[in-house]
Amino acid sequence: MPSKKSQAREAQPNPPIEQAEGPPAPDPVPPVQLLYCSVCSFPPEYCEFGSSLTRCKEWLKDKHSSLFDKYYSDDALSTKLGTLSMEAQAKLEKDTAKKEAKAEAKADAALKKKLASQVTIKRIERNKRKHVTSIHGLEAFGVDLKKAAKQFSSKFATGSSVTKNLQGQDEIIVQGDVSDEILEMIETEAGVLKGIPADNVEIVEEKKKKGGD
Amino acid sequence: MFKKFADTWTDLGRFSPATDIAGQTPVKSSVQRAIRAAVLAQWKIEPETLEAIWPKKEGLVHVKWCVRAQRQREHVSVYTVHGEPLIIQHFDGPYYPTLRLLHKYPYILPKVGVDRGAIRFLLGGAPMMCPGLTSKGGYLPPPESALPAGTAVAIHAEGKEHAVGIGLTKLGTEEMRRVNKDVGVEVATYLGDDLWALKSL
Ligand SMILES: [Zn+2]
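Structure report, in brief. Remember, it's a predicted structure, so these values are computed and weren't measured experimentally.

Reading guide: rules and limits
- Residues numbered from 1 in each chain as written.
- Chains lettered and ligands numbered in written order.
- Predicted model: local features only at pLDDT ≥ 70, side-chain atom pairs only at ≥ 80, totals over all residues.
- Heavy atoms only, no water.
- Contact = heavy atoms within 4.5 Å.
- Buried area = accessible area lost by both parts, 1.4 Å probe.
- Salt bridge = Lys/Arg side-chain N within 4 Å of Asp/Glu carboxyl O.
- Helix = DSSP H or I, 4+ residues; strand = E, 2+ residues; numbered from the N terminus.
- Nonpolar A, V, L, I, M, F, W, Y, C, P; charged D, E, K, R; others polar.
- Buried < 20%, exposed > 50% of the residue type's maximum accessible area, 1.4 Å probe, protein only.
- Arc of directions from axis to C-beta.
- Donors = N, O, S within 2.8 Å, 3.2 Å for Na, K, Ca; no water.
- Tetrahedral: all angles 85-135°; square planar, octahedral: opposite > 155°, others 65-115°.
- Pairing = 2+ DSSP bridges.

With respect to the interface of chain B and chain A
Counting residues at the interface gives 35 residues for chain B and 34 residues for chain A. With both chains or domains summed, chain B and chain A bury close to 2,900 Å², and 60% of this area falls on carbon and sulfur atoms. Linking chain B with chain A are 4 salt bridges, by the criterion used here. Elements supplying a minimum of two residues to the side of chain B that touches chain A: helix H3 (29-42), helix H4 (47-53), helix H5 (99-104) and helix H6 (116-122) of chain B. The element that contributes the greatest number of residues to the side of chain B that touches chain A is H6(B), accounting for 4 residues. Residue composition of the side of chain B that touches chain A, by class: 15 nonpolar, 7 polar and 13 charged.

Have a look at this one:
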């Protein structure tokens, strides 16, 4: 504790004055350059504790083969055990495999859900001349609706906003009939409209009811 | 022994920036000076190195951040420079570097080490029990450089080069040796936790 206090006092004086008069300030210590796994974000030596070891290893072998040898060669694997018993290591490996399978199943389910989702572009007739276009279901593909609405309004130079439909779900309403153009934007993956298979998009029409208001 | 913690903690939800940041405010320069002095006193870091990480002319931003720990919500102060989280503080406890900052400057905190068996529990959010620190695969500083309770420490792991987490000693290191049961080091942040996911703000 006393050493901490004296250090604190040393830190008090104003360094700029010292620098102006005294010798030049010493150079800062350079940071350690370390690599993080681009799959799981851990330092590669910790990938074995994540839920994507198989993919982590593939990446490391591909991009940094010397590190791969360092961490996964037979020698490395046997010394790595350290004080851990064989049974505990086996349990760890089993857990890792389980975690990995779970993460994969989750990713699969998310993908399936995505592929089963539908984007509906609806051309809505407001009166004889006027249409609006509603786009529903983009969020299932990870599209930020506000950004998409902004993209539509600048692309078509028209009003565009995120609103709730009668079912309480968010959708984008764009002024004017732009349904074909929006389908094309989805097909060409324009701006934020990425990763939506064209098969999952449908265009429907909503005519004004006869005799309605 | 660690099982209980691991099971209840591993499935905690991931961090979502929009809901968990309670506010971002620039830090007043008088407060910045106080933080700089405290960091220089608490970490083993040279003023010029701290200057390189956090130049005096750059403003520190205080991000009030809500974390879920032990099934409770608690506020953590995260201090950022150019959006990069560098310093964290729980309530008015000591200042910790973020784990990424510690990885760059591993010598700034004193070290403790856990054995290989404890790693997966730590990564599940469990506090570190004394036996994991005192066992053959663990590491505590020698008696002449014993650490008191309440010291921010780098948590290293058997057979690994880089720190796995940052913690706060709950007992003095000599006491950990003597008692050798229950929690020795509370874990403040670790690889893969919500704060780790927070690369920039
Ligand atoms: Zn990895």
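Side note on helix H4 (residues 65-72) of chain A
Burial in H4(A) covers these residues: A:Phe68, A:Tyr71 and A:Tyr72. Buried positions in H4(A), seen along its axis, are confined to an arc of 75° and lie on one side of it.

Section: the pattern of salt bridges
Applying the stated criterion across every chain yields a total of 14 salt bridges over all chains. Two residues, B:Lys56 and B:Glu51, come together in a salt bridge whose shortest N-O distance is 3.2 Å. Taking the relative accessible area as the measure of exposure, B:Lys56 reaches 43% and is therefore partly exposed. Through salt bridges with shared partners, one network takes in A:Glu48, B:Arg116 and B:Lys160.

What to know about the coordination of the zinc ion
All names here are of chain A. Taken together, the protein donors to the zinc ion comprise Cys37 (SG), Cys40 (SG), Cys47 (SG) and Cys56 (SG), at separations of 2.2 to 2.3 Å. For the zinc ion, the 4 donor atoms in the first shell make angles of 107 to 113° at the metal, so the coordination geometry reads as tetrahedral. Mapped onto the sequence, the donors of the zinc ion take the spacing C-x2-C-x6-C-x8-C. Of the two residues, Cys37 is situated in the loop between helix H2 (15-21) and helix H3 (53-63) and Cys56 in helix H3; the sequence distance between them amounts to 19 residues. With respect to burial, Cys37 and Cys56 carry one shared label: buried.

Examining the pairing of strand E2 (residues 131-136) of chain A
Residues and elements named next belong to chain A. Among the 6 residues that make up E2, 6 are buried, leaving the element largely enclosed by the rest of the structure. Residues His131, Thr133 and Ile135 line one face of E2 and the alternating positions Val132, Ser134 and His136 line the opposite face, and both faces are buried. Bridging between strand E1 (residues 119-125) and E2 involves 6 bridges; their strand directions are antiparallel. Along E2, the bridge assignment pairs Ile121 with Ile135. The sheet contact formed by E2 and strand E4 (residues 170-175) spans 5 bridges and is antiparallel. Pairing of Thr133 across the sheet is with Val174, part of E4.

Functional significance is not addressed by these values, which are geometric in nature.
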